[in-house]
Each structure stands twice: as structure tokens, then as C-alpha cells.
Protein chains: 2
Amino acid sequence: MSGRRRDAPAPHAATVGPVHIIGTGLIGASVGLGLRSLGVDVSLEDPSPTALAVAEQIGAGRALGAKAPAPAPTIVVVAVPPDVAAEVTAAALDRFRQATVTDVASVKAVVLAELRAKEADLARYVGSHPMAGKEQAGPAAASADLFVGRPWVIVAAPETSPAAGLAVRALAADLGSHPAYLDAAAHDAAVALVSHVPQILSSLTAARLAEAPAAALDLAGQGLRDMTRIARSDPNLWAAILAGNGPAIAGVLREVRADLERAIVALELGVAGATLGRALVELSDLIASGGRGAARIPGKHGGAPRSFDVVRVLVPDRPGELGRLFQEMGQWGVNLEDLALEHGAGQLVGLAAIAVASGEGRALAANLERAGWRVLV
Amino acid sequence: MSGRRRDAPAPHAATVGPVHIIGTGLIGASVGLGLRSLGVDVSLEDPSPTALAVAEQIGAGRALGAKAPAPAPTIVVVAVPPDVAAEVTAAALDRFRQATVTDVASVKAVVLAELRAKEADLARYVGSHPMAGKEQAGPAAASADLFVGRPWVIVAAPETSPAAGLAVRALAADLGSHPAYLDAAAHDAAVALVSHVPQILSSLTAARLAEAPAAALDLAGQGLRDMTRIARSDPNLWAAILAGNGPAIAGVLREVRADLERAIVALELGVAGATLGRALVELSDLIASGGRGAARIPGKHGGAPRSFDVVRVLVPDRPGELGRLFQEMGQWGVNLEDLALEHGAGQLVGLAAIAVASGEGRALAANLERAGWRVLV
């Protein structure tokens, strides 16, 4: 591990302003806040006077009035919904002839194709996708820290100049994120797999519950909660994201449909005794191939998932109990690697699953028991 | 809330032994451990001499030798895989003529139908499904606390005697769980919705990652991690569970397939400009109906999800930082309602999302900032 701190944006900015931000929603205003905290000059514009005023108010930069002189920015950040990203980016490339222009839309191939069709100056264009967000939208939810520790995908077109790519990389690094380089098609295929398809399958899982009997919902456990957390996302924003990456997502969903079809056939086979064996092989294959995929998701710090000892302890639902648990663990110098809390319907206790470095679980369990906690072996 | 403690099994057992347990895997051995901790006499049998020896060794009860006299149990718990549950239960009803017999298979209609076909004495039969488990299988993973705070579904057949139903309810309560009453069809439909279909859709999501480029996996965030956690489940055990509930699961999966088909059509529509509007409406509807379903999942303590204030704070990845965070919160008397830790690939910081009672978030955030923590607004 290098000595460089990565838990905070660098104290000095590599980015030379002024930076102009078009679109002051959550992402645009967060970029502005982050750059302003480093002393970079930031100007803002947005078709919504309210969004613009809020962004200026929270300190994301100075709002450009209608009659303001052109700000002559070095970099323009276009942070608008994906369905208008190409149009606004093309206009910005036209308007600011000396600037590098980057858009932050979460789909990249359609934006690039539209810019090419408009014969935009692609030497100064760099596609971006900061992999960050939160449940709330709008500038009021913005944060200078939004991008800290997250990947920032940089999509250079073949025409993009090296200087433009480096300028956007510096901006991403200034905001605390780490760059990932992909071409537009690879980016769109990647986010289809790791973001868009999971969103759709979470929504489809949750949609079945809309009309389910309450008695069924009372049996819900942690698995269902995990599977449906992202189903609460904003429908309109997500419709625009999904539509902008239609071909890549539809390709993956056709594979999902083929597997789903296999599962349905196997489940129907299973009913007849003679074909049960074949059904079991099919279903077991299907679960196993999911296991192989899940095992490839990088763990903390990237790379292969690390192995932890997990100690499970009951936490009575009384004020301060969870705080007391962590206070005691702090006194013992325990370094938590991960932590999950579980509680289901009707429970008056919670269960804390505490992950520590492999080999340290036994000592932690012994300490907890000595301190009167109920450890589940 | 009643004054009765629910965070531990009752100190005295209502169950009058001896209890005989057939099948000493995770569930059977956990039932034995829980009952033994209350002083109930427990005998054990299992076709695997190893599993039986481990269960006896950890204190789940005494192993019945091949030539041992019949134990004359009051209750027999059949804890065997779902595909042999009916056969073993029928044999137990035959062998122990005075006993109430309950099986704990996670599917209930096929077991009841097979028992009826075998003309078993259903007056003494009660179907059970304790909604508890863990990733590891086998008696070595057993725990006296496995059922604490979890629902225990009781499925009485029309023929079941009231006394038999009460005996199983008492056993479930002795083990710290709370009873839920459903008939076999309602139970199977419920677990299809809240457990079996989510398992399949998690596996299908994860299966797409098995051949994905590593660069795509590096963009994985918390959403994908949540969606694929249960995809690591045991393929053979799950194949048996799914096959035993085939019709109910296939019914739900056909609804999923219809929605998936709609999504694919909409995503293909979206590519053509003229039909984009219709695509957006379809996709937005789909996400919205998932949101309605997710909102119905009961939160902590059952009932509608409570609203919390969520405070997000950066936790540098240095030993003891998470412990220090909780130690300080403990000193301020903060009562955590929920907690989630997030960290993605390449991150050297974690993000703790701390849920406290609605209205208490602002004070917590102020305290954290005064103590030098970086709070994300």
C-alpha cells in the first residue's frame, strides 16, 4: 500500500479552472462542491432556476446569469439526464471552443454515436461515468465526497486527444475517485451486467410482492430484503437509463430468459416422478452457475474475495445495546472487516454478523462470551 | 410490547420429553441443542454414523444405538431433506404410535399429499417449517439459538388433532421462535414468493457474471453485491427444495417471464426514436411496480417499514476505525436502528450508513463532525 491517503480528496487540485458545469442535479452539484472545496473556480448553469439557485446556495459554484460573459472554461462537465446528454454536449463543444468537454451520463455508446452524427469536435470530448449515486436526487442531496473511493469510468473516443483524456482523469482524481478505462461498448456491456440487469431483476422480484398476502410477507428474511433493496429506485430516472442502454441490456436479458425458461421446464418436470432426476440436475446446474458468477465479484479493496471469520452475536433490542457492543469491541482493539445486521418480521432481537480477519474469530467470540453476549456458534 | 423477554428461549421448557430427532443435520442438531439447554430429554438417530456422532458430541442429545429400546417419545422431529421427508415421517408415525410427529421440510404440500397417499395417521402429524438456516450445513454448524426470533410456520392438516398442534407450538416457542399458521398450499405459495423465486433470480443475475470480463466486475457496487449474496447457496440442497415446490415456483416464474418479456420488448423499442416514449412508460411502470412490492416488506419488528434518518460517514480503512466510530457513538448514547457498511472494488475507505430514529439524524451528524468524522450530507 502506498503512503498516499485515499480516504480524502487530494488537498491540492491538479485541475486548472475555471470549470463550467451544465446541469446542477445530484452529480453536477457534487462535482462543483468537490472542486470548490479544492479552491477551483466553478461556474454553473441549469435550465431550472430553482436547481441552479440551490446549487449556488450550497456552495457548488457561481450561477451564470443569462447575460453573463462566457466563462472561458478549461473543462466543461455536462451532467444532464442521459436522453439529452448528446445534444447538450454537442452544444457545449460548439460554445466553448477551447474547452475539454465531458458528460457523465450512465450510458456511453448512444451519446458518442449522436455526437459523431452531429460532427462534433471529438478531439475535445471525453465520456465519463462516475460510479456513484444515492437514493435522493437533486442538488440538495449533493456532497463533495460523493465520488470518494468510487470508480470513475473514462471513455475516450478514438478521436479524443491525449490532453483531453488526461484533463478528465485529473478531475476524477481530484474528486477522490479512481479512473477505469473502457471503450463505449465495453462500458455499456459492463454496466448492463453489474447495474442495469440487477436493477431489473430486483424490480421483477419485488413486483411479485405487490399483491402477495400479508402472511407471506411476514415470512420475509434477509435474503428477500437484500434482493429488493434497489427495487425502490426512481422509476423515471431508471427508465431513461435503461432505454439508453437498450441493446446491451436486452442481450443479457435474453440470456436470463433462456435460463428462466430452463428453470420453469425443470420445475414442471420435477412434479412427475420419473423425470425428477433430470429436474434436479438442471436446477442444481443453474444454482451452481450462479455461485460461480457470484464468486467472481471483487471483495473489499478489489481482487478475489478475502476469507474472514464471521462471528454472529445476538443484540437485544434495547436502547444502546448495539453501541455497547461496538464500544466493547473497540476496547479490545478488534478491527472489523465487515458487518451485517439482520432482523426479520416479529423479531425483538437483532443478529450482528461481525467479520474479522481469518483466525481472529475464535478470540473475539471468547471475549464476547466473557462479556455476557450470546454468541451463535 | 409485553414484558416477556423474547431475546432468549424461555428458561423452562413447556415441552415434555422425551423428544426423538430423526436426522441430525443443521436443523435437527439445532433443535436437539436448544431442547437440551432447557433440560429436555432428547434422543437422536441418523443414517450417517458420522453426523450422529458429531451431534451427540456437541450435546444435541443421546444417539440411539441400533439395538436400543424404543425411546417412547412424546414428540418426534423429522429433520431430513425434503425429498425423503414424507417417507421418513410415515415410518415414524408407524413406529411411535403415541407420539406427535412433525417434519421440518421447507415444502409442505407434497409431504402432506404423500402421507395421505400412504394412509398415515394424520391426527398425530403436524407440518413445520422453521424459517431459519445458515450458509453452512451439518451438525457442526448447529446452534441452540438458530430459531430465536424467527418465524416457525405450523401447518396443521384438517385431520391434525388440537393436542398435536399445541405440542409443536410449545416446542417452537421453547426454541425461541414465534409461530405462524398457514395451510400447506398457502405456505408453499408464500415461500415461493419470499424465498424460492428470490433464490432463482439471484442465481440468474450472478450466472451472467461467470463469463463476464474482469473490467466489468471491477465496476460492481453494493447493489450487485446485495443481489448476488444468496447465489452462493448449496446447489444440491436447493435443487431438492425447488423441485419439492415446483408448481408454486413455476407459477410465479411465469409471471416473472411475462414481465421480462415486456422489458425486452420495451428495451428494443427504445432504440427506435419514434417508440421511445412507449418504451419509457413500460420501463417506468415496471420499476414502479417493483417499488410498490418492496415497500410492503415488513421492517424491523414487523408491520410497515419505519422511517429512519440515515447518516452516512466515511470510515478510513485503518485498524480500529470502525470500532472507534461505534465507541464514540456509544458514549453519545446513540441507539442504532440499522447499519450497513459499503465498500466497492479498489476502495480504501468504507462508508457506514447509520440509521437512527427519525429526527435524530441531524444531532448525530453534528456530533460526528465535531469528533472529526467526515459525514456525507
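Residues numbered from 1 in each chain as written. Chains lettered and ligands numbered in written order. Predicted model: local features only at pLDDT ≥ 70, side-chain atom pairs only at ≥ 80, totals over all residues.

### Some details on the overall build of chain A
So, point 1. Looking only at helices and strands, chain A features 13 helices and 12 strands.
So, point 2. Pairs at least 24 apart in sequence give 69% of the contacts found in chain A among residues at least 6 apart. (Helix = DSSP H or I, 4+ residues; strand = E, 2+ residues; numbered from the N terminus. Contact = placed C-beta atoms within 7 Å.)

### Some thoughts on the sheet that holds strand S1 (residues 19–22) of chain A
Residues and elements named next belong to chain A.
So, point 1. Judged by pairing direction, the sheet is mixed, and its eight strands sit side by side in the order S3-S2-S1-S4-S5-S6-S7-S8 without closing on themselves. Each edge of the open sheet is held by one strand with a lone partner, namely strand S3 (62–63) and strand S8 (178–181).
So, point 2. Bridge count between strand S5 (residues 100–103) and strand S6 (residues 125–130): three bridges; the pairing is parallel. Along S6, the bridge assignment pairs Val101 with Tyr125. (Pairing = 2+ DSSP bridges.)

### A look at the nonpolar core
So, point 1. One finds Val78 and Leu283 of chain A together with Val78 and Leu283 of chain B to be the most contacted residues of the largest nonpolar core, which totals 252 residues.
So, point 2. Residue contacts for Val78 of chain B: discarding those within four places in its chain leaves Ile22, Gly23, Ala85, Val88, Thr89, Ala92, Val101, Thr102 and Asp103 of chain B. (Core = buried A, V, L, I, M, F, W, Y, C linked by C-beta atoms within 7 Å. Buried ≥ 20, exposed ≤ 12 C-beta atoms within 10 Å, placed from the backbone.)

### Quick notes on the interface of chain A and chain B
When the parts of a complex come together, some accessible area is lost, and that lost area is often used as the size of the interface.
So, point 1. Contacts between the two partners involve 125 residues from chain A and, on the opposite side, 125 residues from chain B.
So, point 2. The biggest single contributor to the side of chain A that touches chain B is helix H10 (residues 246–271) of chain A, with 18 residues.
So, point 3. Among the residues making up the side of chain A that touches chain B, the classes are represented as 73 nonpolar, 31 polar and 21 charged. (Nonpolar A, V, L, I, M, F, W, Y, C, P; charged D, E, K, R; others polar.)

### A look at the packing of helix H6 (residues 184–207) of chain A against helix H11 (residues 276–295) of chain B
So, point 1. Running from amino to carboxyl end, H6 of chain A crosses H11 of chain B at an angle of 55°, the nearest separation of the two axes being 7 Å. Accordingly, the angle class assigned to the pair H6 of chain A and H11 of chain B is oblique. For H6 of chain A against H11 of chain B, the interelement crossing comes out left-handed. On H11 of chain B, the residues touching Ser202, Ser203, Leu204, Ala206 and Ala207 of chain A of H6 of chain A are Leu286, Ile287, Ser289, Gly290, Gly293 and Ala294 of chain B. (Axes fitted to C-alpha atoms, helices over the stretch in contact; angles between N-to-C directions. Parallel < 35°, antiparallel > 145°, perpendicular 65-115°, else oblique. Left-handed = near helix turned anticlockwise from the far one by under 90°.)

### A closer look at the sheet that holds strand S5 (residues 100–103) of chain B
All names here are of chain B.
So, point 1. Reading across from one edge, S3-S2-S1-S4-S5-S6-S7-S8 is the order of the eight strands in this open sheet, with mixed pairing throughout. At either end of the open sheet lies a strand with only one pairing partner, and these are strand S3 (62–63) and strand S8 (178–181).
So, point 2. Pairing of strand S1 (residues 19–22) with strand S4 (residues 75–78) involves four bridges; the strand directions are parallel. Following the sheet pairing, Ile21 is matched in S4 by Val77.
So, point 3. Here helix H5 (residues 162–174) sits on the sheet and contacts S4, S5, strand S6 (125–130), strand S7 (151–156) and S8; the angle it forms with S7, its principal contact strand, is near 170°.

### Focus: the environment of Arg362 of chain A
So, point 1. Structurally, the position occupied by Arg362 of chain A is in helix H13 (residues 361–370).
So, point 2. Between the C-alpha atoms of Arg362 of chain A and Glu328 of chain A, which are 34 residues apart in sequence, the distance is 16 Å.

### A few points about the pairing of S7 of chain B
Residue and element names in this part refer to chain B.
So, point 1. Taken across its six residues, S7 has six buried, putting it largely inside the fold.
So, point 2. Neither face of S7 is exposed, since Pro151, Val153 and Val155 on one face and Trp152, Ile154 and Ala156 on the opposite face are all buried.
So, point 3. Relative to S7, S6 runs antiparallel, the two being bridged by five bridges. Across the sheet, His129 pairs through a bridge with Val153, a residue of S7.
So, point 4. Both S7 and S8 contribute to a ladder of four bridges, which runs parallel. Note that in S8 the partner of Ile154 across the bridge is Tyr181.

### Quick word on the relation of the copies chain A and chain B
So, point 1. Laying chain A over chain B is done by rotating through 180° and shifting 0.0 Å along the axis; what remains is an RMSD of 0.1 Å. A rotation of that kind, with that shift, is consistent with a two-fold axis. Proximity to the rotation axis, assessed at the C-alpha, singles out Gln327 of chain A in chain A; its C-alpha lies 1.9 Å from the axis.
So, point 2. The fraction of interface residues of chain A whose copies in chain B are also interface residues reaches 100%, indicating that both copies meet through the same surface. (Least-squares fit on C-alpha atoms with pLDDT ≥ 70 in both.)

### With respect to unusual backbone geometry
Residue and element names in this part refer to chain A.
So, point 1. For the bond from Gly17 to Pro18, the omega torsion is -5°, close enough to zero to count as cis.
So, point 2. Following the sequence through the fold, Pro18 ends up in the segment before S1.
So, point 3. Of note, Glu119 is a non-glycine position whose phi angle comes to about 55°, a positive value.
So, point 4. You can see Glu119 is positioned in the loop between helix H4 (109–117) and S6.

### Thoughts on the packing of helix H3 (residues 85–95) of chain B against helix H4 (residues 109–117) of chain B
Residues and elements named next belong to chain B.
So, point 1. In the contact formed by H3 and H4, the axes pass within 9 Å of each other and the chain directions differ by 45°. Comparing their axes, H4 and H3 come out oblique. Considering only the axes of H3 and H4, their crossing is right-handed. Residues Ala85, Ala86, Thr89 and Ala90 of H3 lie in contact with H4, whose contacting residues are Val111, Glu114 and Leu115.

### As for the domain arrangement of chain A
All names here are of chain A.
So, point 1. What the domain assignment reports for chain A is domain 1 (19–182), domain 2 (190–294) and domain 3 (308–376).
So, point 2. Each of domain 1 and domain 2 has a C-alpha centre, and these two points are 34 Å apart.
So, point 3. If you look at the interface, domain 1 gives eight residues, while domain 2 gives eight residues.
So, point 4. Broken down by class, the residue content of the side of domain 1 that touches domain 2 amounts to six nonpolar, one polar and one charged. (Domains from an automatic or database assignment.)

### Notes on the environment of Gly28 of chain A
All names here are of chain A.
So, point 1. Locating Gly28 in the fold gives a position in helix H1 (residues 26–36).
So, point 2. With 18 residues separating them in the primary sequence, Gly28 and Asp46 have C-alpha atoms 9.7 Å apart.
So, point 3. Leave out the neighbours within four places in its chain, and Gly28 touches Ile21, Gly23, Val77 and Ala79.

### Remarks on the environment of Val375 of chain A
Residues and elements named next belong to chain A.
So, point 1. Within the element layout of this structure, Val375 appears in strand S12 (residues 375–376).
So, point 2. By the C-beta count within 10 Å, which is 18 here, Val375 ends up partly exposed.
So, point 3. If sequence neighbours within four positions are ignored, Val375 has contacts with Val311, Arg312, Val313, Ala365, Leu368 and Glu369.

### Comments concerning helix H2 (residues 49–57) of chain B
All names here are of chain B.
So, point 1. Those residues of H2 lying buried are Leu52, Ala55 and Glu56. Looking straight down H2, one finds that the buried residues subtend no more than 95° of arc, so they occupy a single side. Along H2, the residues that are exposed and aim more than 90 degrees away from the buried face are Thr50 and Gln57.
So, point 2. Elements that come into contact with the buried residues of H2 comprise helix H1 (26–36), strand S2 (42–45) and S3.
So, point 3. Following H2 by one or two positions, Gly59 has its phi on the positive side, about 95°. (Arc of directions from axis to C-beta.)

### Some thoughts on the confidence of the model for chain A
Residue and element names in this part refer to chain A.
So, point 1. Chain-level pLDDT for chain A is 86 on average; 88% of the residues reach the 70-or-more range.
So, point 2. For the stretch residues 1–7, pLDDT sits under 50, and the model shows seven contacts to residues farther than four places along the chain or on other chains.
So, point 3. Note that pLDDT drops below 50 for residues 300–305; the model gives that stretch 12 contacts with residues more than four away or on any other chain. (pLDDT = per-residue confidence, 0-100.)

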